[in-house]
Amino acid sequence: MNLKKRMKRLCSGFIAFALVGTFVPTALAAPPEGVDIYSNHYVIVDGEISNTQFDDVALNKFTPKNSTVIGNTSNETLDLWVSSEDMSGDDYQIPYVKDGSGNTWYLQQIVLYNIITDRDEDQILMNADAIAEAKSKDDYTINVSDITIDPYNDGGYSWYDVCYGWTMTPPEQWGGGSGTQETYTVTYDFNIPKDVNSIFPITEYGIRGNESTGSYDYIKNKVATLTSTKLEDQSFVVADGLEIEKNSVWHGFFGYKWNDPDTSYYYFDGWTAEDGSEYKNGSYGDCQQYPRRERHQDQIHRRLEGSSQMV
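What counts and what doesn't
- Residues numbered from 1 in each chain as written.
- Predicted model: local features only at pLDDT ≥ 70, side-chain atom pairs only at ≥ 80, totals over all residues.
- Heavy atoms only, no water.
- Pairing = 2+ DSSP bridges.
- Helix = DSSP H or I, 4+ residues; strand = E, 2+ residues; numbered from the N terminus.
- Salt bridge = Lys/Arg side-chain N within 4 Å of Asp/Glu carboxyl O.
- Buried < 20%, exposed > 50% of the residue type's maximum accessible area, 1.4 Å probe, protein only.
- Arc of directions from axis to C-beta.
- Contact = heavy atoms within 4.5 Å.
- Phe/Tyr/Trp six-rings, centres within 6.5 Å; stacked < 30°, edge-to-face > 60°.

Asks: Got a minute to help me understand the pairing of strand β2 (residues 48–53) in this structure?
Replies: Two faces, one strand: in a regular strand the side chains alternate between the faces of the sheet. Pairing of strand β1 (residues 36–45) with β2 involves three bridges; the strand directions are antiparallel. Residue pairing for β2: Tyr42 is matched across the bridge by Gln53. Between the antiparallel neighbours β1 and β2 lie two residues, among them Asp46 with a positive phi of about 55°.

Asks: For this particular structure, what's the right way to read the pattern of salt bridges?
Replies: Where side chains of opposite charge bring their charged atoms close, a pairing between them can arise. Within this structure, the stated rule accounts for one salt bridge. Across the salt bridge formed by Asp86 and Lys61, the nearest N and O atoms sit 3.1 Å from each other. Pair noted here: Asp86 is in the loop between β6 (83–84) and β7 (96–98) and Lys61 is in the loop between α2 (56–59) and β3 (62–63), with a separation of 25 residues, a long-range link. For Asp86, a relative accessible area of 23% puts it in the partly exposed group.

Asks: How should helix α4 (residues 215–224) be read in this particular structure?
Replies: An α-helical turn contains 3.6 residues, so a residue and the one three or four places further along point in the same direction. All of the buried residues in α4 are Ser215, Ile219 and Val223. Down the axis of α4, the buried set is contained in an arc of 65°. They therefore lie on one face. Of the surrounding secondary structure, the elements contacted by the buried residues of α4 are β13 (183–189), β14 (198–203), β20 (252–256) and β21 (266–273).

Asks: Just checking my understanding: could you explain unusual backbone geometry for this structure?
Replies: What you tend to see is this: most non-glycine residues have negative phi, and most peptide bonds are trans. Between Thr63 and the following residue, Pro64, the backbone shows a cis peptide bond with an omega angle of 5°. You can see Pro64 is positioned in the loop between β3 and β4 (69–72). Here the phi dihedral of Asp46 falls at roughly 55°; this positive angle occurs in a residue that is not glycine. Its identity as a non-glycine residue notwithstanding, Ser67 has a phi of 60°, on the positive side. In this structure, Ser67 sits in the loop between β3 and β4.

Asks: What exactly am I supposed to notice about the environment of Gly47 here?
Replies: One can find Gly47 in the loop between β1 and β2. Classification of Gly47 by relative accessible area gives buried; the value is 12%. When the C-alpha atoms of Gly47 and Gly165 are compared, they prove to be 9.6 Å apart, with 118 residues separating the residues in sequence.

Asks: Hey, could you run me through the environment of Asp122 in this one?
Replies: Looking at the element boundaries, Asp122 is found in strand β9 (residues 122–126). According to the relative accessible area criterion, Asp122 is partly exposed, its value standing at 45%. Discounting chain neighbours no more than four positions away, the residues touching Asp122 are Val111, Leu112, Tyr113 and Ile149.

Asks: Looking at this structure, I do not really get the packing of aromatic side chains. What am I missing?
Replies: A complete count under the given rule lists 20 aromatic pairs for this structure. Consider the rings of Phe54 and Trp166, whose centres lie 6.2 Å apart with planes at 75°: the pair is edge-to-face. Of the two residues, Phe54 is situated in the loop between β2 and α2 and Trp166 in strand β12 (residues 157–167); the sequence distance between them amounts to 112 residues. Grouping residues by exposure puts Phe54 and Trp166 together as buried. Arranged with centres 5.5 Å apart and planes meeting at 80°, the rings of Phe253 and Phe268 form a pair that is edge-to-face. Of the two residues, Phe253 sits in strand β20 while Phe268 sits in strand β21, which places them 15 residues apart along the sequence.

Written out as structure tokens, the structure is:
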């Protein structure tokens, strides 16, 4: 072998050695100090934490509550234990809570996000297996140094969001994993009579609004936003969320044809489900709870149709 080739081979060997030498394992960097960690509570849908929060009844039962600081990265450990007012006794149990419709939800996942709204980065802190295998509250403590994602920063203030994910699937049905339930969509068809072009909400103060407010389209759009995703066997309040200015519940609707002296007047008195079940507005319009019932595999959509009577 001539000297030139030998020098090339020798140089190649040095380069290869140098490249191999650069791949030295390094320890993961610890999270920055002084970063607050907040708690959040969301519903699990199809095995993943969704963007759906609980009703106020459930949220007010939690400890820690929603959007509460539960720790700081300056500490060595983070206590992830969560409980609700529905839990009693000193014996350890998988955390659970009952919402305002009587559904029981069980803690199944705890995930760390840089920010709960965007969820650009996430890290599972406890999955279904870890929660099912836990024997005491101490098993919900983690080392802060194990956090591997970066916090969210807004104007110099940084934080993490811990999200508690809750499922209606009982722990005994998890099967060592994240058990899922079928989901379906609930929609509302206002079913407005053809001769009606003006609709007003009825509140505790009586019929509200006037023709100039454009209430016809506004209320139709408001009803359309009631469309929601529900879990199999989940109870829920029919037409929950029909509010005006967030301080007055709509208990019914009054409709007629504007500028027609011969118009008929209608009172919207409730909803009729696909199976014929009726959900009437009461004297103050308390919406009734949609009952739990078995659902066939092909029934992926439920529709509630508005009913009205001529007055």
